[in-house]
Amino acid sequence: MFVISRLLRFAAVLLSVFYAATSTAAGQEPEQKHQFYIEKQEARLALTLFAQQAEQQVLFPLNRVKDIEANRLVGAYTTEQGIDILLRDTGLEPVFSKNRVLTIVASKKAAPEESTMKFEKKKLSGMIAFLTAMFGGGQTAMAVENGNGDDSIEEIVVTASYAGSLASALDQKRMADGIVDSVKAEDIGKFPAVNIAEAVQRIPGVSITREAGEGQFVSVRGLGPTFQAVTFNGAPIAYNENIRNSGQSGRQFRFRILPADLISGVGVYKSPTADMIDGGIGSNIDVATQNPLDGDGFTSINVFANYDEQSEQSNPNAAISYGWNNEDKNFGFIGGLSRSEREVRFDRFQTEGFSTFTIDGQEVERAGNLQATLEQEKRQRTSAFGAMKWQPSDQLELGLDVLYSKFENEILEDRIRFEGDSGTSLAGSTIIENGLVVADSRVGGRVSRNLEASAQTHENLFVKLGGDWQINDDWNVSAFYSFSEADSKLDLPLQRIEARTVGGVDGNGNSVDYSYDLRGGVNSQSLPVFSTSVNLADPNAIPFRRYRIRPIESNDEDNSFLADIERQFEGVITGVKAGIQWTERSRDYQRRDRTLVGPDVDGSFYNRSIPNAYGDIFGSGALHQVGGNVGLFTGSFGLNPNDNALNNPTNSDRRNSYGVEEEILATYARFDFEAEASGVPIEGNFGLRYVTTDTDVLGNESVADGSGGTTIQPRTFSSSYSEVLPSINANFKFTDNVQMRLGLSRSMTRPSLADLRSTLTPNSTAVSDLADAAAQGQAAIDAAIVDLRNGGELVGIAGNPNLDPYLSWNLDASFEWYFDDFGALTIAAFYKDIDGFIASVVQDELLTVSGVQTSFAIQRPINAGKASVSGIELGYTTKWENGFGLTATGTVTDSSAELDLPTGQVTANLQGVSDLSYNISPFYEKGPIQARISYTWRSEFDRGFSLNTSSGRAFTVGAFGSLDFSLSYDINERFSVYVSGVNMLDEVETAYETNKAFIRELNDYGRSYNVGVRASF
């Protein structure tokens, strides 16, 4: 905590100096123009938007503005010009007080009758106050209807706050063209979570997957990250790939690479419209930044320290954002820099599959290998964002957005492995329950000490150039071009430094004994026993075996051009919008595998101290160990990180590498309408999107060379498909506060880029072990095959370039009740009927690997059949006069898949779908204090089939909940201090097969805290 104290002291001094240097006396500023975009709508809602966009306090009596329709206001105008256009011929007029408060009163001339008839309907009585937060502590004014029906006005002022961000999100939901939920920043640099994914998980129907304890991937409505179309400021964005092991994420966007400090909001669009970019059966997720022409100039600074309980490390973090626009509000710039560092550690236990054995005539299952992993990571993220807007005229707006992010991660994984089939059981030590060996003590076994080290870099570049031309009041044209690139590479290739005991004894000649007890592991989140007689702190106890490296690079690019033309009408059809999208995406994935030859390795190479670990998950106590010195290994074996390790690919390398080129051409037409049925106004849209996708998969295949052998030749697999995607959304406005939405649509998700690969990649450990055995003869080969099969390592993964896309018919409904003063109750239901569902099939295939022919369990994706997902989402937000408030969400989901597999028809659950998830977030805001607690929980879910098992059972991730908190104090209107924490209950993530007795994983991440200072000017 000493580091945190020093950091906060330094931050306070720095910010005080900055405040003194930038403070000026207040003076009267000349009237400025504001950029307005307000469609023709109810006056109450139009005035709320006007207050927000003009940064103007507006007061109006609700009983005078209800049933009145305001005019359309689009363009750059002063406050006086804008309010005059908005209220012209409505029967309302503006009055400015001396302190520039704007009050709306009834004019002497009555409003035209037709402007009131359109919105004539039964109203809910009582007070109405619609709350919206302004930037930098700005104010919005509210409408109030009192019980007497007179024109008296009460004022409600809301400054930038968590409640304000909730109100802004509800505002977006209320005015949206379909079913939308969002998370909004409280103010510039005040996103409600340090991690974007962890903030979004509080939205109904949204759950996340963590990587190393931090939110990484987002799932919506029971469908995983592959089913979400992610955009940045409305444009497609490239995807980083997993390079730390052989698993690949394909089209799954890694939210961890984006800095939350530079984000103004995230919208999750659950019912598509024809003009939306396709690809998301689950949702369209748009990550948005601030518009440079919105609001006045500002400077925002956020300085904080992060502390991780497991690693006991504290690291500094900082972000600064700056915005400026000219007096006429027709030219503006916004930019930001963010730098974050974090050192984490987590303790993990794994079993590597279960195999069948016969013990005393009884057929039982036993864990093949048992492994404890201590993972330490040093993460650094540097991000920069800039946006520029220019309005050379009232009708034309040009914009440029640029984002650069670099995420670096140094990883050390120290592993201790008990090879479960080695040695013999100590008499009387084997405990069997329900056909499973749950505890055992082995004598003369094998223990491995393995190190995996890598230095990853994920770089992202995004550029968007666009314009919007308001030809006249009826016609509008917009277009943009965007370029996005995501590079993922290993600055230091993945290194696997392996050591293993031989012949049942350690390096000092002592018997290798170990014990384990798996009982209650999932339920108690710990194991009673995991211990060994080997002195893991002795560098010479486990002899060195081999040194392997794996360089990987992945490059993903997206070039997109979108153009739209829009026409406004009077009548039932209020608007028509048509457009075109062209996207060219490419993926180049390169992988190499090498075993290095170098000097003799002795205990001097193992001189790195390792923290005592696993004390929280092993009842038998922490493991004390030493680790390999990565620098000594790389130097002694001549590994130069500056060399291009991807040169000179072997045939095996070519089989493990691939490329994908994808071209998308889409056209659409969308029609907006307004109608009335039985006195209930109906607004909505319907349209059609036609999409063509051409895909080339660049790979390699083995062909006969004419001399009895095989050679590798390049091959391109081409496919093309076209789909029609209709959609209709209708909003029934029963009252000002109550509305119901219905939606019907057809949507599409393309196969994962990783699933499309034409490669077949066997397990690298099996490849190396078979190569070592082949050099020793048939007896060694036979022994290696037995060991690998018992350890669940004769496995592999393959792609399928002939996959078709997922196609889904979607039914959506939403009931939304917005409260009079603040908050809402929403209930949504959804149903998705998915064709062409892709599932992974595990089949034995005969392979020749390292000159040895044997069968491998190969996992390969196929279009296997149909799937369905249905569910109900609940959302509730409120705030009381005493400063307390509550936001809560819940989702109940049901899913199933009917799969036609080679082994027959199978009914299965969908991967990544929890039956139940919820979030409860009470908060308090009064005066300078803001506090909130958030508990998020999701039930267990399937994560596909386990390859490392004799039965191919489903791999299930256990239920998990996280309790987080945030507390801040506003010193004054410019400075605030805060503290936040994640995983306060110190929950451990679990995984198992079939039932909780077949434990697969325990992951202990620990708690983490942030302490910081914010300032805005």
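Note that the structure is predicted; figures quoted are calculated from it, not measured.

Peer 1: Honestly, the sheet that holds strand β9 (residues 180-184) in this entry has me stumped. Any pointers?
Peer 2: Working definition: the strands of a sheet are paired by backbone hydrogen bonds and lie parallel or antiparallel to each other. Strand order in the open sheet formed by five strands is β9-β14-β15-β12-β13, and the pairing between neighbours is mixed. In this open sheet, the two edge strands, each paired with only one partner strand, are β9 and β13 (235-236). In the sheet, strand β12 (residues 228-232) pairs with β13 via two bridges, with the strands oriented antiparallel. Bridge pairing in β13 links T231 to P236. Of the strands in this sheet, β9 and β14 (265-269) touch helix α6 (residues 162-175), which is tilted by about 155° from β9.

Peer 1: What's the story with a negative patch on the surface in this structure? I'm lost.
Peer 2: Together, E410, D491, E553 and D588 make up a negatively charged patch on the protein surface. Within the fold, D588 resides in strand β32 (residues 573-591). Relative accessible area serves as the criterion here: at 37%, D588 is assigned to the partly exposed category.

Peer 1: Before we go on, may I ask you to explain the confidence of the model for the chain in this structure?
Peer 2: The predicted coordinates ought not to be read in detail in places where the model reports low pLDDT. Confidence in the prediction for the chain averages 84 pLDDT; 87% of positions are at 70 or higher. For residues 109-159, every residue scores under 50 in pLDDT, and the model assigns this stretch 130 contacts once sequence neighbours within four places are set aside. When the criterion is pLDDT under 50, residues 946-951 qualifies, and its contacts beyond four places in sequence or with other chains add up to 22 contacts.

Peer 1: Whenever I open this one, the side chain of R417 confuses me. Can you help?
Peer 2: Relative to the helices and strands, R417 resides in strand β22 (residues 396-419). Looking at R417, its side chain comes within polar contact range of the side chain of E352, at 3.1 Å. Excluding residues that lie within four positions of it along the chain, R417 makes contacts with E352, N369, L370, Q371, R446, V447, S448 and E793.

Peer 1: Would you mind going over the nonpolar core with me for this structure?
Peer 2: Nonpolar side chains in soluble globular proteins generally cluster together in the buried interior. In terms of nonpolar packing, the biggest core is built from 52 residues, with F349, F530 and F618 touching the most fellow members. When residues in this core are grouped by element, the largest group, four residues, is from strand β26 (residues 447-470). Excluding its chain neighbours within four sequence positions, the residues that come into contact with F349 are L370, Q371, L518, L527, F530, I617, F618, I999, R1000, E1001 and L1002. Grouped together as the second largest cluster of nonpolar side chains are 36 residues, V218, A235, L258 and I277 included.

Peer 1: What's the story with helix α12 (residues 778-790) in this structure? I'm lost.
Peer 2: Residue pairs three or four apart in sequence face the same way in an α-helix, which turns once every 3.6 residues. The terminal C-alpha atoms of α12, which comprises 13 residues, lie 18 Å apart, in line with the 18 Å expected from a rise of 1.5 Å per residue. Among the residues of α12, those classed as buried are I781, A784, I785, L788 and N790. Downstream of α12 by one or two residues, G792 has phi in the positive range, about 70°.

Peer 1: Hey, could you run me through helix α11 (residues 764-774) in this one?
Peer 2: By the burial criterion, the buried members of α11 are S764, T765, A766, S768, D769, L770 and A773. The residue sitting at the N-terminus of α11 and contributing the capping side-chain oxygen is N763; that oxygen lies 2.8 Å from the backbone nitrogen of T765.

How each quantity is defined
- Within every chain, residues take consecutive numbers counted from 1 along the sequence as written.
- Since the coordinates come from a predicted model, pLDDT governs what is reported: local features require at least 70, and pairs of side-chain atoms require 80 or more to be given and counted, while whole-chain, interface and lining totals use all residues.
- Heavy atoms throughout the structure, all of them, feed into the side-chain values; hydrogens and water do not.
- We call two strands paired when DSSP finds no fewer than two bridges between them.
- Starting at the N terminus, helices and strands are each numbered in turn, a helix being any DSSP run of H or I of at least four residues and a strand any DSSP run of E of at least two.
- Contacts are residue-level and defined by heavy atoms, with any inter-residue pair within 4.5 Å sufficient.
- Axis angles are defined between N-to-C directions and span 0 to 180 degrees, where every axis is a line fitted to C-alpha atoms and, for a helix, only to the segment in contact.
- Like-charged residues within 9 Å of one another, or nonpolar side chains (Val, Leu, Ile, Met, Phe, Trp, Tyr) within 5 Å, are grouped into patches, provided each residue has over 30% relative accessible area and no salt bridge.
- Note on areas: Shrake-Rupley, 1.4 Å probe, and residue coverage restricted to the protein chains presented here.
- Throughout this description, the term salt bridge denotes a Lys or Arg side-chain nitrogen within 4 Å of a carboxyl oxygen of Asp or Glu.
- For the purpose of charge, His is not counted, nor are the chain termini; Lys and Arg are scored as positive and Asp and Glu as negative.
- To locate a charge, the coordinates of NZ of Lys, CZ of Arg, CG of Asp or CD of Glu are taken.
- For the exposure calls, accessible area comes from a 1.4 Å probe over protein chains only, and a residue counts as buried if that area is under 20% of its type's maximum, exposed if over 50%, partly exposed in between.
- Confidence of the predictor in every single residue is expressed as pLDDT, which spans 0 to 100.
- For this analysis, a polar contact is any N or O atom pair within 3.5 Å, provided that within protein one partner can donate a hydrogen and the other can accept it, and provided that sequence-adjacent residues contribute only side-chain to side-chain pairs.
- For our purposes a nonpolar core is just a set of buried Ala, Val, Leu, Ile, Met, Phe, Trp, Tyr and Cys residues, chained together by side-chain atoms within 4.5 Å.
- The length a helix should cover is 1.5 Å for every residue beyond the first.

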